[in-house]
Amino acid sequence: FDNQFCAVSRKGTGNIFNEMKGFCESRGCKFLLNNEIKDIQIINNRISSINFIDHNILIDNSCKIVNTLPITLLSKWLGISCNLKYRGVVSTYFTNTQNDHFLPKDYSWLYFQDNHYRFNRITEPTKMCKDLCLDSSLKYKNYLISEATFGVNKNNIPWLEIENIKKECIEGILDLPFINREKNYIFTHNIEPYVYPIQDQDFKLEFKRTILEISKVENLSMIGASSEFQYSDMQVIFRKSKDFIQD
């Protein structure tokens, strides 16, 4: 890469979004976390209510809805057929009591094509940023993140497959030549179902058809990588946000 700047948040990516959330809340914004949407009601080509599992929010005529969530989810809530597909990611966070860095030499990440390993990439964030170390005084200091993909079709998340992937990733990490499997280790997982949009030869026509149907809703706008069926790369998200504000 030439003339590009890459950065890692000293307190992790989540800290950036927590600061953004705090900034918005200080200006009167409200966040409804852990609220699952059931569907969205349309009356006269306008969203009249957003229906959650345990409550509804009525939308008056003066309100404008801005969607940033995956287009497949939005289509489902609106009752619009959508055959676009995603690949999700199982991230496995692993550490043990080796203390030293895990990856050899000065490598910060490795890619895998060998079918013996279920994951396709491993990253060691603490090599890129020392501030990300768990705690220099504890026996668990540095950590690895492995990433393995799975398919999501029509919003059906394959939970049984995901459980198998978790087990295979741990076994794969322990089988790496630079991991001492005799050491005590701990791990956790994170599941992201909508990460990589599958942009095959048929997706453009299906995307345009879906967008045409969604565009009939008068008080709804869409912004962001997920709603535009693009890869949710962090720098792309911030670039799109900046462009949106400037426009």
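Preceding block: the structure.
Let us look at the structure shown here.

**Observations regarding the pattern of salt bridges**
One side chain can pair with another of opposite charge once the charged atoms of both are near each other. On inspection of all chains with the given rule, the structure shows 9 salt bridges. Across the pair Arg-118 and Glu-168 runs a salt bridge whose closest N-O atoms are separated by 3.6 Å. Note that Arg-118 is positioned in the loop between strand E6 (109–111) and strand E7 (121–123) and Glu-168 in helix H4 (residues 159–174), a separation of 50 residues in sequence. The partner of Glu-147 in a salt bridge is Arg-121, and the shortest N-O contact between them spans 2.8 Å. Taken as a pair, Glu-147 in strand E8 (residues 144–153) and Arg-121 in strand E7 lie far apart in primary sequence, 26 residues in all. Taking relative accessible area as the criterion, Arg-121 reaches 22% and is therefore assigned partly exposed. Ionic contacts of the salt-bridge type, sharing partners, join the residues Arg-118, Glu-161 and Glu-168 into one network.

**Some thoughts on the nonpolar core**
Among the nonpolar cores identified, the biggest contains 43 residues, and Ile-47, Leu-78, Phe-119, Ile-122, Leu-176, Ile-179 and Leu-220 are the most heavily contacted of them. At the level of elements, strand E1 (37–43), strand E2 (46–52), helix H2 (71–78), strand E5 (85–96), E8, H4 and helix H5 (203–214) are the ones that each hand at least two residues to this core. Among the elements that make up this core, the one with the highest residue count is H4 (6 residues). When residues no more than four places from it in sequence are discounted, the contact partners of Leu-220 are Ile-47, Lys-64, Ile-65, Asn-67, Leu-74, Leu-78 and Ile-214.

Reading the values: the criteria
- Residues numbered from 1 in each chain as written.
- Predicted model: local features only at pLDDT ≥ 70, side-chain atom pairs only at ≥ 80, totals over all residues.
- Heavy atoms only, no water.
- Salt bridge = Lys/Arg side-chain N within 4 Å of Asp/Glu carboxyl O.
- Helix = DSSP H or I, 4+ residues; strand = E, 2+ residues; numbered from the N terminus.
- Buried < 20%, exposed > 50% of the residue type's maximum accessible area, 1.4 Å probe, protein only.
- Core = buried A, V, L, I, M, F, W, Y, C linked by side-chain atoms within 4.5 Å.
- Contact = heavy atoms within 4.5 Å.

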